[in-house]
Every structure is written in structure tokens, then in C-alpha cells.
Amino acid sequence: MTNKIYSTLDIAKFICAFFIIAIHTGPLTDISETGNFMVVQILARMAVPLFFIISGFLLFSKIDGEREWNDYENFAILKHSVFRIIKLYIIWSVIYLPLNYILIHQDGITIIGILRYLRDFFFVGSYYHLWFLPSLIFSEIAVYFLLKHGSMKIALGICGIFYFVGMLGNVYPQILENIPYISTLLNIYLKIFVTMRNGLFFGMVFVAIGAYFAKHKMKIRQTSIIPFVAFMISMIGLVVECFMIQKYGYMQPLTSMYIMLIPSVSFLFMWLISIQLKEKDMYKGMRVLSILMYVSHIIFVVILNHLFPTMNSLLFYICVVLCTLIFSIIIYILSKKCTIIKNLYA
């Protein structure tokens, strides 16, 4: 893989961090309901899937296809990636413990509350925005296992089926609740795992898509116009799908698993890696900042919401972005002088 690929993906991840903050702040809520819907429920919902694809692409680009999947070096690459994410997840889970304590303390610290936290830590996310990290851990391991025991087509097919099932549970639970036996299974599942947005039903398919692109680099670098046009067409389909979901009353705040999300994000990724850019240190900085902004922004959402509960939504978004960006830049600068700080993002 060449440096230009890293550069475009680093820029994309940096931009995605701003969209993820938008999901948790609703920047246009006080200005335009439709505008906020477009930003939060459509555009911003592509950010996390793109993170999954990029992660899968970077991981499986390092895997040597000429070796066996259980080869020591290939397996070591997987372990290194998984352990790095586990370390990041544990560190930020500890950082968010005071906020979790406040939430638990509201109802009194009980055994049930502690058990609920432990369940969330493994299945949902120790804090609600950190769900991406355990989902990525599961997705990388699962896709590696599927490719080890089957072909790329089989892996994509299995992951696609899980995504479709998850999409039904995420977007159309009202319909499933009216189907005998299915409703019972859904209720049991949700009591244990809480949500369909996890590694099994959500992240796995996008990591598998990233793995597919990693093994077919030459076919997707030929031209930039075709994937861009395909991306725009898919985006139109995504917009139509989302407005139809809203029209018929199925759109909820956590609705995010759309059918057209898969082609939209896939063609966006293809377009990104077809763009040629010269290597710059600034792009590496964007890569680090995107991670720090993702994991830390909720701290400022909570603090600013507590201090200024009636602040205008757009101003609130801008303040959260500025605080998060400044904090992330400071951490990045300090990490160059004190290597232990790098554990906050690497």
C-alpha cells in the first residue's frame, strides 16, 4: 500500500470525527429540523461504517495472502491489532469511570447497576460512544476466522446476512414485535445485548468489505471518476431510503443501519483510495487527532451541557468541537515529549 492511501484515509477519518460529534450534539436542531436530519441521520451515519472499512482495509493489507491464515506472522498481526484496541478501550473506559459513577449514583450504587455496567462493557460499550471499540475487536477476529475457514465471497455473504438481520432489528423493530416467536427472540436478545449496533450485526460486514478491498487493490485504483459517480448515485438512494423510513414512522434517534449505507460507504472508500496525495506529516497528525476526538468528545458534551443547558445547538456543537480539538492537539503535542501519553491513541 502506498503513502497516498494513508493520506486520503487519514483526512477522511479526521472529517468523520466532526460528523460523529454532530451525532451526539445535533448541531442544527434549533435551526432546521430537516437540515439536522440530513446531517445527523444521513451524512454522519456514514462515519462509523467508514471507520470499520478503513480498519479492516489496513489490517488485512498487512496479512500475507501467500501464507496460511494460522501462520505465525499473520496471526501476530491480528493479535497486535486486537490488543492495541483492547488497550485503548480499557484506558478510555477508566477515564470515563467518573461519569459512569455519576450515572450509576443517580439511582444508587447497586449490584444490578454494577452488573449492568459489566454487561455494557463487554457487549455495548463502557460509555455509549465507545461501542465502536469492542465492536471492532469482535469484527476483526470474526472476519479473520471466516476468511481462515472459507472464501472471501462466503465471508462477505455471511456478514451481509448478519447485517440484514441487524438492520431489521434496528430499523423495523415494530414490525418484528408483531411476528410470533421472532418477537420473543428479539426481546430476549435485546435484554442481553441491548442493541443491534455491535460487531456481529453492524461492524462485521464493513470490516469484511475493508478486507475485500485490501485483497483487490489493483482493481480499485484505475480511475477516480467511476467510484465517485457510483458514490453519488448511492447517496441519492441513501437519502431516499432515510426519508422513506422517516415518512413511515420508523426513524428513531439510534436508527442507523440502512440498506444503502453499504454501497454508499463502499464507493466512498473506493473513491478515497483512488485520489493521489503527497505524503505530509499533517496527514499523520489528522490520523491521531481523529482517534483522540472520537474517544474524548463526550467529556466536553457532558461538561458543556451541564454548564450551559440552554445553549443554541449550533453554538453548542462549535464549542464541543473546539474544546475537543484543542484537547486532542495538546495531547498529541505532549505525546511527542512523553511517550506514555501515546497510549491514549495508539
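**Considering the packing of aromatic side chains**
1) Next: A full pass over the atoms with the stated rule returns 31 aromatic pairs.
2) Next: Each ring, one from Tyr117 and one from Phe121, has its centre 6.5 Å from the other, and the planes form 45°; the classification is tilted. Taken as a pair, Tyr117 and Phe121 lie in helix 6 (residues 111-124) at a separation of four residues, close to a single helical turn. Taken as a pair, Tyr117 and Phe121 share a single burial class, namely buried.
3) Next: In this structure an aromatic cluster arises from ring pairing among Phe51, Phe52, Trp131, Phe132, Tyr163, Phe202, Phe206 and Tyr294.

**Some remarks on the nonpolar core**
1) Next: Ranked by size, the top nonpolar core spans 105 residues in total, and within it Leu50, Phe52, Phe60, Val143, Phe206 and Phe269 carry the most contacts.
2) Next: Among all residues touching Phe52, those that are not within four sequence positions of it are Trp131, Phe132, Ser135, Leu136, Ser139, Phe202, Gly203, Phe206 and Val207.

**Things to note about the side chain of Thr195**
1) Next: Within the secondary structure, Thr195 is located in the loop between helix 10 (182-193) and helix 11 (199-214).
2) Next: You can call Thr195 buried: its relative accessible area is 19%.
3) Next: Those residues in contact with Thr195, other than ones at most four positions away along the chain, are Tyr189 and Leu190.

**Considering helix 15 (residues 313-337)**
1) Next: Spanning 25 residues, helix 15 covers 37 Å between terminal C-alpha atoms, matching the ideal 36 Å at 1.5 Å per step.
2) Next: What helix 15 keeps buried is the set Ser313, Phe316, Tyr317, Val320, Val321, Thr324, Leu325, Ser328, Ile331, Tyr332 and Ser335.

**Let's talk about unusual backbone geometry**
1) Next: Even without glycine at this site, Tyr181 takes up a positive phi of about 70°.
2) Next: Given the relative accessible area of 70%, Tyr181 is considered exposed.

**Here's the deal with the packing of helix 8 (residues 152-171) against helix 11**
1) Next: Two numbers describe how helix 8 lies on helix 11: the axes approach to 8 Å, and their chain directions differ by 150°. When the axes of helix 8 and helix 11 are compared, the pair comes out roughly antiparallel. In the packing of helix 8 onto helix 11, the handedness of the crossing is left-handed. Each of Met152, Leu156, Cys159, Gly160, Phe162, Tyr163, Val165 and Gly166 in helix 8 lies in contact with helix 11, whose residues at this interface are Leu200, Phe201, Phe202, Met204, Val205, Phe206, Ala208, Ile209, Ala211 and Tyr212.
2) Next: Across the contact of helix 8 with helix 11, the residue classes break down as 16 nonpolar, two polar and no charged.

**Notes on a nonpolar patch on the surface**
1) Next: On the surface, Tyr101, Ile102, Ile109, Ile111, Ile112, Ile114, Leu115 and Leu118 cluster together to form a nonpolar patch covering roughly 780 Å² of accessible area.
2) Next: Tallying contributions element by element places helix 6 first for the nonpolar patch, with five residues.
3) Next: Positionally, Ile112 belongs in helix 6.

**Digging into the layout of surface pockets**
1) Next: Quantified by volume, the largest pocket comes out at close to 1100 Å³.
2) Next: Lining the largest pocket we find 43 residues, and of these Val124, Tyr128, Val194, Arg197 and Leu254 sit closest to its centre.
3) Next: Sorting the residues of the lining of the largest pocket by element identifies helix 1 (3-23), helix 2 (33-43), helix 3 (47-62), helix 5 (97-106), helix 6 and helix 8 as the ones contributing at least two each.
4) Next: Here the lining of the largest pocket gets six residues from one element, more than from any other, and that element is helix 6.
5) Next: Tallied by class, residues from the lining of the largest pocket come to 23 nonpolar, 15 polar and five charged.
6) Next: Here the second largest pocket is characterised by a volume of approximately 890 Å³.

Thresholds applied
- Residues numbered from 1 in each chain as written.
- Predicted model: local features only at pLDDT ≥ 70, side-chain atom pairs only at ≥ 80, totals over all residues.
- Heavy atoms only, no water.
- Phe/Tyr/Trp six-rings, centres within 6.5 Å; stacked < 30°, edge-to-face > 60°.
- Helix = DSSP H or I, 4+ residues; strand = E, 2+ residues; numbered from the N terminus.
- Buried < 20%, exposed > 50% of the residue type's maximum accessible area, 1.4 Å probe, protein only.
- Core = buried A, V, L, I, M, F, W, Y, C linked by side-chain atoms within 4.5 Å.
- Contact = heavy atoms within 4.5 Å.
- Expected span 1.5 Å × (residues − 1).
- Axes fitted to C-alpha atoms, helices over the stretch in contact; angles between N-to-C directions.
- Parallel < 35°, antiparallel > 145°, perpendicular 65-115°, else oblique.
- Left-handed = near helix turned anticlockwise from the far one by under 90°.
- Nonpolar A, V, L, I, M, F, W, Y, C, P; charged D, E, K, R; others polar.
- Patch = residues over 30% accessible without salt bridge, like charges linked within 9 Å, V, L, I, M, F, W, Y side chains within 5 Å.
- Areas by Shrake-Rupley, 256 points an atom, 1.4 Å probe, with all protein chains shown as cover.
- Salt bridge = Lys/Arg side-chain N within 4 Å of Asp/Glu carboxyl O.
- 1 Å grid on protein atoms, 1.4 Å probe; cavity = no way out; pocket = protein on both sides within 12 Å on 5 of 7 lines; lining within 4 Å.
- Points joined across faces, edges and corners; volume = space filled by probe spheres on them.

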